[in-house]
Amino acid sequence: ILNVEQSPQSLHVQEGDSTNFTCSFPSSNFYALHWYRWETAKSPEALFVMTLNGDEKKKGQISATLNTKEGYSYLYIKGSQPEDSATYLCAFMGSGGGADGLTFGKGTHLIIQP
Amino acid sequence: GAGVSQSPSNKVTEKGKDVELRCDPISGHTALYWYRQSLGQGLEFLIYFQGNSAPDKSGLPSDRFSAERTGGSVSTLTIQRTQQEDSAVYLCASSSGPGTGALHFGNGTRLTVT
C-alpha cells in the first residue's frame, strides 16, 4: 500500500490571501504526480501532471512544484477567490506505470471566506 | 458528449442483490480506472485497464467485485451479493495513457445498499 499524505486536511483562508499545501509521497520508484481539484457536486478536474524533479507548473493563479528526491509537492494559490473553494487532491504513480493505478491522498479541503 | 459517462447516476439496492455499474470513457482513451469514495474517506483505487486487460486487480475489495472492459471502450463494474459497506460513490476515469495522461472523471454512480 502506497502512502500518499496531504496536509493540512482542511484550511480556511480569507479572500485575497495566498496559501499553499503539501503532498508527500514515496521518494523511490517515482513515475508521475498529479494534482486535481474537486468541487462539491462535481467530478475531480485535472490541474497538473508532473513527471520531472524540479518541475514547476502554473495555471492562472495556481502553481505547483515537485521534489521527487525527497518525495513532496507543493500547491500554491495566489490571491484566493471564493471559486477556489474545493478539495485539492494529489495522486502518485510509481514506476510500475499504470498497473498500480494512481494512489490518491485524502485531499486538502480549502474554504475561501469572503 | 465528449466526457466520461457513467450510469446509473444513482442506484439503491437491497443487501444481497447484484449490481452492475457502467462506464463509457472518452473515445480513444486507452487507460480506464475505477475508484470509489466511501463516506468520509478518500479515493480508493479499485482497478485499472490498459486496453481490455487489467494488469492489476488487487485493489478490488473482495471476490464479490469484478470488472471487465470490452472492445477497449465500455467498462462494467459488477458487485455480487451487495453488502451495506459497499455503499459509496463509484468513480470511473479515463486517460490517453497510463501515468502521464491526466484523468478525466465521470460524474460517478452513488450506490446505496439498504
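How each quantity is defined
- Residues numbered from 1 in each chain as written.
- Chains lettered and ligands numbered in written order.
- Predicted model: local features only at pLDDT ≥ 70, side-chain atom pairs only at ≥ 80, totals over all residues.
- Heavy atoms only, no water.
- Helix = DSSP H or I, 4+ residues; strand = E, 2+ residues; numbered from the N terminus.
- Rg over C-alpha atoms; globule rule 2.2 N^0.38 Å.
- Buried < 20%, exposed > 50% of the residue type's maximum accessible area, 1.4 Å probe, protein only.
- Contact = heavy atoms within 4.5 Å.
- Areas by Shrake-Rupley, 256 points an atom, 1.4 Å probe, with all protein chains shown as cover.
- Lys, Arg positive; Asp, Glu negative; His and termini not counted.
- Charge placed at Lys NZ, Arg CZ, Asp CG, Glu CD.
- Salt bridge = Lys/Arg side-chain N within 4 Å of Asp/Glu carboxyl O.
- Polar contact = N/O pair within 3.5 Å; in protein donor to acceptor, adjacent residues only side chain to side chain.
- Pairing = 2+ DSSP bridges.
- Axes fitted to C-alpha atoms, helices over the stretch in contact; angles between N-to-C directions.

Chemist: How should the overall build of chain A be read in this particular structure?
Modeler: When you go through chain A residue by residue, the secondary structure sums to zero helices and 11 strands. Sequence-ordered secondary structure for chain A, helices as α and strands as β, is β-β-β-β-β-β-β-β-β-β-β. Computed over its C-alpha atoms, the radius of gyration of chain A comes to 14 Å, within 12% of the 13 Å expected for a compact globule of 114 residues. Every one of the 114 residues in chain A was classed for burial, and the buried ones make up 49%. For chain A, long-range pairs separated by at least 24 residues make up 55% of all intrachain contacts whose partners lie at least 6 apart in sequence. With an accessible surface of roughly 5500 Å², chain A has 46% of that area assigned to carbon and sulfur atoms. Computed over 8 positive and 11 negative side-chain charges, the inter-centroid distance for chain A is 4 Å.

Chemist: Quick question: what am I supposed to make of the interface of chain A and chain B here?
Modeler: Interfaces are frequently sized by the accessible area removed from exposure as the parts join. Each side of the interface is counted separately: chain A has 19 residues, and chain B has 20 residues. At the junction of chain A and chain B, the tally comes to zero salt bridges. Along the contact surface separating chain A from chain B lie three residue pairs in polar contact (both at pLDDT 80 or more). Residue assignment for the side of chain A that touches chain B shows that the elements contributing at least two residues are β4 (30-38), β5 (45-50) and β9 (86-94) of chain A.

Chemist: What should I look at first to understand the pattern of salt bridges in this one?
Modeler: Think of it this way: side chains of opposite charge can pair up when their charged atoms draw near. Under the counting rule described, the total for this entry stands at five salt bridges over all chains. The salt bridge partner of Lys42 of chain A is Glu39 of chain A, with a shortest N-O separation of 3.9 Å. In this structure, Glu44 of chain B engages Arg36 of chain B in a salt bridge whose closest nitrogen and oxygen atoms are separated by 2.8 Å.

Chemist: Could you clarify how one ought to interpret the sheet that holds strand β6 (residues 56-59) of chain A in this entry?
Modeler: All names here are of chain A. Judged by pairing direction, the sheet is antiparallel, and its five strands sit side by side in the order β1-β3-β8-β7-β6 without closing on themselves. Two strands close off the open sheet at either side, each with one partner strand: β1 (5-7) and β6. Averaged over all neighbouring strand pairs, the angle between strand axes comes to 15 degrees, with direction disregarded. With four bridges connecting them, β6 and strand β7 (residues 62-67) associate as antiparallel partners. The partner of Lys59 across the bridge, within β7, is Ile62.

Chemist: Even after reading the chapter, I still don't get the side chain of Arg36 of chain B, so can you show me in this structure?
Modeler: Residue and element names in this part refer to chain B. Note that Arg36 resides in strand β4 (residues 31-37). For Arg36, a relative accessible area of 9% gives the class buried. Within the structure, the side chain of Arg36 is placed 3.3 Å from the side chain of Tyr90, a separation counted as a polar contact. Each residue touching Arg36, except ones within four places of it in the same chain, is listed here: Gly42, Leu43, Glu44, Leu46, Pro61, Phe65, Glu85, Asp86, Ala88, Val89 and Tyr90.

Chemist: Just to check I follow, could you spell out the side chain of Gln6 of chain B for this structure?
Modeler: Residues and elements named next belong to chain B. Tracing the sequence through the fold places Gln6 in strand β1 (residues 5-7). In this structure the side chain of Gln6 is engaged in a polar contact, spanning 2.9 Å, whose partner is the backbone nitrogen of Cys92. Here the side chain of Gln6 touches Gly108 through a polar contact of 3.0 Å, landing on its backbone nitrogen.

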